[in-house]
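Chain by chain, the residues:
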Amino acid sequence: YLSRELDNSTSSKIFDQYLDTLDPGRAYFLAADLQSLDKQYRFKLDEALKQGNLQPAFKIFNLFQKRAIDRINYLVEILNEGLEKLDFTRDEELEIDRKQAPWAVNRTEIDDLWRRRLKASVLSMMLAGKDLAETQETLGKRYKNRLKQMNQTTSEDAFQLYINSFTSTYDPNTQYFSPRNSENFNITMSLSLQSIGAVLRSEDDYTSVVRLVPSGPADKSGVIKPSDRIIRVGQGETGELIDVVGWRLDDVVELIRGPKGSVVKLELIPAGSEDGTAKTVQITRNTVMLEDQSAQKKLLTYEVGGQLKK
């Protein structure tokens, strides 16, 4: 832990750390952005933190968010024109580690960087055996999902990044956890939670069931299966069902978790349903033990010089 005054010098370090956290590869901000942000905030963050003023943090984050969305939209534009228009005969290079690279000075320069990034991704996928059509479809889905995730970013996400930039200037091993991340950390450490015992993932705007925790409430109920898609969630036997299609995965998970003995209602589309007909099920939450995530050990026996050793 560093005993450091929260002054202009520390403000400068926080500013650099925050920018490095947001854009470590120097691929989103422009040089003019850095000049403007530097002038406004480099030596202002200490006063803002003392006053509880988060406006500088959110203004910097919002500019980054704007630039990031603009970059993905640019890639989508190229995809819409067709990957066959990329010139694979040009002899070009792509700098992978850009921690010390200069910031792009204008839109033309940063467009060229991202065009090369896309070209590298296309070549990598084609070398892995995909044809141009498959590559275009895969990348189209990837960028669509990335845009969706960006548009679901919350102020809590931005706050956590900013405060961790602050804490790391005093101690690289100190981290701030948002309430939700703190809960997930405690679950990981205790290897238990109160829920239905289903591993979920986000897939094409739906929350899908990946697998059921053995002997968990969902597994014992027999009413929910892997690959089922959850479309609405309600609390209690009479609670209103809330549409969760398009929601962030952690928001859906938060609705499904709850106290032991309480009931959660799920409206889901069963796996393999041809007509998309949904059904509503009720599951009583219970304590779920995450034994498969616990530390494991195994004793190995091997032979050395005709003798068995462990």
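Up top is the structure these notes are about.
Everything numeric in this text was worked out from a predicted model, so none of it was measured.

Quick notes on the rules
Residues numbered from 1 in each chain as written. Predicted model: local features only at pLDDT ≥ 70, side-chain atom pairs only at ≥ 80, totals over all residues. Heavy atoms only, no water. Helix = DSSP H or I, 4+ residues; strand = E, 2+ residues; numbered from the N terminus. Expected span 1.5 Å × (residues − 1). Axes fitted to C-alpha atoms, helices over the stretch in contact; angles between N-to-C directions. Parallel < 35°, antiparallel > 145°, perpendicular 65-115°, else oblique. Left-handed = near helix turned anticlockwise from the far one by under 90°. Contact = heavy atoms within 4.5 Å. Nonpolar A, V, L, I, M, F, W, Y, C, P; charged D, E, K, R; others polar. Pairing = 2+ DSSP bridges. Core = buried A, V, L, I, M, F, W, Y, C linked by side-chain atoms within 4.5 Å. Buried < 20%, exposed > 50% of the residue type's maximum accessible area, 1.4 Å probe, protein only. Polar contact = N/O pair within 3.5 Å; in protein donor to acceptor, adjacent residues only side chain to side chain. Phe/Tyr/Trp six-rings, centres within 6.5 Å; stacked < 30°, edge-to-face > 60°. Lys NZ or Arg CZ within 6 Å of the ring centre and 35° of its normal.

### Considering helix 8 (residues 179–190)
For helix 8, with 12 residues, the first-to-last C-alpha span of 16 Å sits near the 16 Å given by 1.5 Å per residue. Where helix 8 ends, the next residue or the one after it, Leu191, has phi of about 60°, a positive value.

### Examining the packing of helix 4 (residues 55–81) against helix 6 (residues 132–151)
Following both chains from N to C, one finds helix 4 and helix 6 inclined at 160°, their axes separated by 10 Å at the closest point. As the angle between them shows, helix 4 and helix 6 are arranged roughly antiparallel. Here helix 4 and helix 6 pass one another in a crossing that is left-handed. On helix 6, the residues touching Gln65, Ala68, Ile69, Ile72, Asn73, Leu75, Val76 and Leu79 of helix 4 are Gln136, Leu139, Gly140, Tyr143, Arg146, Leu147, Met150 and Asn151. Considering only residue class, the contact of helix 4 with helix 6 consists of 10 nonpolar, 5 polar and 1 charged.

### Describing the pairing of strand 3 (residues 206–212)
Of the strand pairs in this sheet, strand 2 (residues 198–203) and strand 3 are connected by 6 bridges, and their pairing is antiparallel. The partner of Arg201 across the bridge, within strand 3, is Ser208. With 2 bridges joining them, strand 3 and strand 4 (residues 229–235) adopt antiparallel strand pairing. Its bridge partner lying in strand 4, Thr207 is registered against Ile230.

### Overview of the nonpolar core
Of all hydrophobic cores here, the largest spans 45 residues; its most connected members are Phe29, Leu37, Ile60, Trp114, Leu118 and Tyr162. Secondary structure elements with two or more residues in this core: helix 1 (8–22), helix 2 (31–41), helix 3 (45–51), helix 4, helix 5 (107–127), helix 6 and helix 7 (155–168). Sort the elements by how many residues they give to this core and helix 4 lands first, with 11 residues. When neighbours within four sequence positions are excluded, Leu37 is seen to be in contact with Phe15, Leu19, Phe29, Arg42, Ile60 and Leu63. Ile196, Val209, Val252 and Leu266 belong to the second-largest nonpolar core, a separate cluster that totals 17 residues.

### Quick look at the side chain of Arg42
Along the polypeptide, Arg42 turns up in the loop between helix 2 and helix 3. Of note is the side chain of Arg42, whose polar atom sits 2.7 Å from the side chain of Ser12. Dropping the residues within four chain positions of it, Arg42 is found in contact with Asn8, Ser11, Ser12, Phe15, Asp16 and Leu37.

### Considering the packing of aromatic side chains
This structure, assessed with the given rule, holds 9 aromatic pairs. On the basis of an interplanar angle of 90° and a centroid distance of 5.3 Å, the ring pair of Phe159 and Tyr176 is categorised as edge-to-face. Of the two residues, Phe159 is situated in helix 7 and Tyr176 in the loop between helix 7 and helix 8; the sequence distance between them amounts to 17 residues. Of the residues examined, Phe159 reaches a relative accessible area of 23% and is grouped as partly exposed. Judged by relative accessible area, which is 26%, Tyr176 ranks as partly exposed. Against the face of Trp114 rests Arg117, its NZ or CZ located 4.8 Å from the ring centre.

### Some remarks on helix 1
Residues spaced three or four apart along an α-helix face the same direction, because each turn holds 3.6 residues. The first and last C-alpha atoms of helix 1 sit 21 Å apart over 15 residues, in line with the 21 Å expected at 1.5 Å per residue. Every buried residue of helix 1 is accounted for by Thr10, Ser11, Ser12, Ile14, Phe15, Tyr18, Leu19 and Leu22. Looking at the buried residues of helix 1, the elements they touch are helix 2, helix 3, helix 4 and helix 7.

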